[in-house]
Amino acid sequence: MTERQTTSAPDLLALESQVCFALAVASRRVIGLYRPLLEPMGLTHPQYLVMLALWQHEPLTVRELADLLSLESATLSPLLKRLEAIGYLTRPRRPDDERALQVALTPEGRELRDRAVEIPPAMMAKLQMDVEEVQELHQRLTDLIKRATDAS
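Cut-off values and rules
Residues numbered from 1 in each chain as written. Predicted model: local features only at pLDDT ≥ 70, side-chain atom pairs only at ≥ 80, totals over all residues. Heavy atoms only, no water. Patch = residues over 30% accessible without salt bridge, like charges linked within 9 Å, V, L, I, M, F, W, Y side chains within 5 Å. Areas by Shrake-Rupley, 256 points an atom, 1.4 Å probe, with all protein chains shown as cover. Salt bridge = Lys/Arg side-chain N within 4 Å of Asp/Glu carboxyl O. Lys, Arg positive; Asp, Glu negative; His and termini not counted. Charge placed at Lys NZ, Arg CZ, Asp CG, Glu CD. Helix = DSSP H or I, 4+ residues; strand = E, 2+ residues; numbered from the N terminus. Buried < 20%, exposed > 50% of the residue type's maximum accessible area, 1.4 Å probe, protein only. Contact = heavy atoms within 4.5 Å. Axes fitted to C-alpha atoms, helices over the stretch in contact; angles between N-to-C directions. Parallel < 35°, antiparallel > 145°, perpendicular 65-115°, else oblique. Nonpolar A, V, L, I, M, F, W, Y, C, P; charged D, E, K, R; others polar. Pairing = 2+ DSSP bridges.

**What to know about a negative patch on the surface**
Reasoning step 1: A cluster of acidic residues, D130, E132, E133 and E136, forms a negative patch on the protein surface.
Reasoning step 2: Tracing the chain through its elements places E136 in helix 7 (residues 131-151).
Reasoning step 3: The class for E136 is exposed, based on a relative accessible area of 53%.

**Description of the side chain of T106**
Reasoning step 1: Within the element layout of this structure, T106 appears in the loop between strand 4 (97-105) and helix 5 (107-116).
Reasoning step 2: Taking the relative accessible area as the measure of exposure, T106 reaches 11% and is therefore buried.
Reasoning step 3: Among residues more than four places away in sequence, those in contact with T106 are G87, Y88, L89 and T90.

**Re the pattern of salt bridges**
Reasoning step 1: Applying the stated criterion across every chain, the model contains five salt bridges.
Reasoning step 2: Between R63 and D67 there is a salt bridge whose closest N-O contact spans 3.2 Å. Highlighted residues: R63 and D67, both in helix 3 (residues 62-69), separated by four residues, approximately one helical turn.

**Description of the packing of helix 3 against helix 4 (residues 73-85)**
Reasoning step 1: Relative to each other, helix 3 and helix 4 sit at 110 degrees, their axes nearing to 10 Å. Taken together, helix 3 and helix 4 sit at an angle that is classed as roughly perpendicular. Of the residues in helix 4, those touching helix 3 at V62, R63, L65, A66 and L69 are S73, L76 and L80.
Reasoning step 2: Split into classes, the residues belonging to the contact of helix 3 with helix 4 amount to six nonpolar, one polar and one charged.

**Some thoughts on unusual backbone geometry**
Reasoning step 1: The step from E58 to P59 runs through a cis peptide bond, and the omega angle for that step is -5 degrees.
Reasoning step 2: Considering the arrangement of structural elements, one finds P59 in the loop between helix 2 (45-57) and strand 1 (60-61).
Reasoning step 3: Its identity as a non-glycine residue notwithstanding, S70 has a phi of 55 degrees, on the positive side.
Reasoning step 4: Assignment of secondary structure puts S70 in the loop between helix 3 and helix 4.
Reasoning step 5: Judged by relative accessible area, which is 66%, S70 ranks as exposed.
Reasoning step 6: One non-glycine residue, Q128, lies in the positive phi region at around 55 degrees.
Reasoning step 7: Counting through the fold element by element, Q128 comes out in the loop between helix 6 (119-127) and helix 7.

**Some words on the pairing of strand 4**
Reasoning step 1: The pairing of strand 1 with strand 4 spans two bridges and is classified as antiparallel. If you follow L60 over to strand 4, its bridge partner there is V103.
Reasoning step 2: Note: strand 2 (residues 89-90) against strand 4, two bridges, orientation antiparallel. Its bridge partner lying in strand 4, L89 is registered against L105.
Reasoning step 3: Sheet analysis places strand 3 (residues 93-94) next to strand 4, joined by two bridges and oriented antiparallel. Bridging across to strand 4, R94 finds its partner in D97.
Reasoning step 4: With antiparallel pairing between neighbouring strands as the criterion, strand 3 and strand 4 make up a hairpin whose turn holds two residues.

Written out as structure tokens, the structure reads:
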């Protein structure tokens, strides 16, 4: 570096420069903030995501649910079994296709939604973000997911 250069090129291998590191830490910390909100409902964060998808789109096949959540069926199956065991959903075979399981909410699973509506405002308060900030962050992350998907 010459005496005239006052700035150096960023270290592209510096930990604090890595998008993957920032995303991993942010993900762990934000999901950790959900834990005390979900525990009274008997849900883990992955189970909460399943319930969100079902509250919006039920009934769904396991394959449709896996696609919505970007999960493998093998990862999703234990979540569904646990949610079925605690009485929030059922997984009968589809009458028109015995190979497919139809995932549907029980009355208890539908009623849980009334308690869950408190979670987004509680999370915004914890993160000190308003609706516009959350929507902007969501849009940026959705765009990042699309770019990463397109790149693979």
